[in-house]
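The residues making up each chain are set out below.
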Amino acid sequence: QVQVVESGGGLVQAGGSLRLSCAASGSPFSINAMGWYRQAPGKEREMVASISSSGSTNYPDSVKGRFTISRDNDKNTAYLQMSNLKPEDTAAYYCSVVVTTWPYEYWGQGTQVTVSS
């Protein structure tokens, strides 16, 4: 069993920055990819950043140039640096950890990000 805990959310004004953290712990496991998703009320969950085991990253156009994902493999931790935040970035942010053994993916409970205009 793997536990995934997100932290770093909060309230910020438009144009501000936040840094989210995602820490995975528990039974011996090997991480493939880690990713950040968000879900706003009434909307579907969407991927905002992912990083592979080799460090390759992927972002949708909506956050490209503003969000940066990174990971510390020694700490089994991923980070999401968010800059130039916009009110439309307001959502619950969830971390996904993809591992090499069943059930292959774990999710955290989420952390709320609210951007005021």
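Worth saying up front: this structure is predicted, and the values here are computed from it rather than measured.

Draft legend 1. Structural view of the nonpolar core. Core analysis: the biggest nonpolar cluster contains 30 residues, and Cys 22, Trp 36, Phe 67, Leu 80, Met 82, Tyr 93 and Val 97 have the highest contact counts within it. Ranked by residue count, the leading element in this core is strand S9 (residues 91–99), at 5 residues.

Draft legend 2. Here's a closer look at the pairing of strand S4 (residues 31–39). Of the strand pairs in this sheet, S4 and S9 are connected by 7 bridges, and their pairing is antiparallel. Residue pairing for S9: Gly 35 is matched across the bridge by Ser 96. The sheet contact formed by S4 and strand S5 (residues 46–51) spans 5 bridges and is antiparallel. Bridge assignment links Tyr 37 to a residue of S5, and that residue is Met 47. What sits between S4 and S5 in their antiparallel hairpin is a turn of 6 residues, with Gly 42 showing a positive phi close to 80°.

Reading the values: rules and limits
Residues numbered from 1 in each chain as written. Predicted model: local features only at pLDDT ≥ 70, side-chain atom pairs only at ≥ 80, totals over all residues. Heavy atoms only, no water. Core = buried A, V, L, I, M, F, W, Y, C linked by side-chain atoms within 4.5 Å. Buried < 20%, exposed > 50% of the residue type's maximum accessible area, 1.4 Å probe, protein only. Helix = DSSP H or I, 4+ residues; strand = E, 2+ residues; numbered from the N terminus. Pairing = 2+ DSSP bridges.

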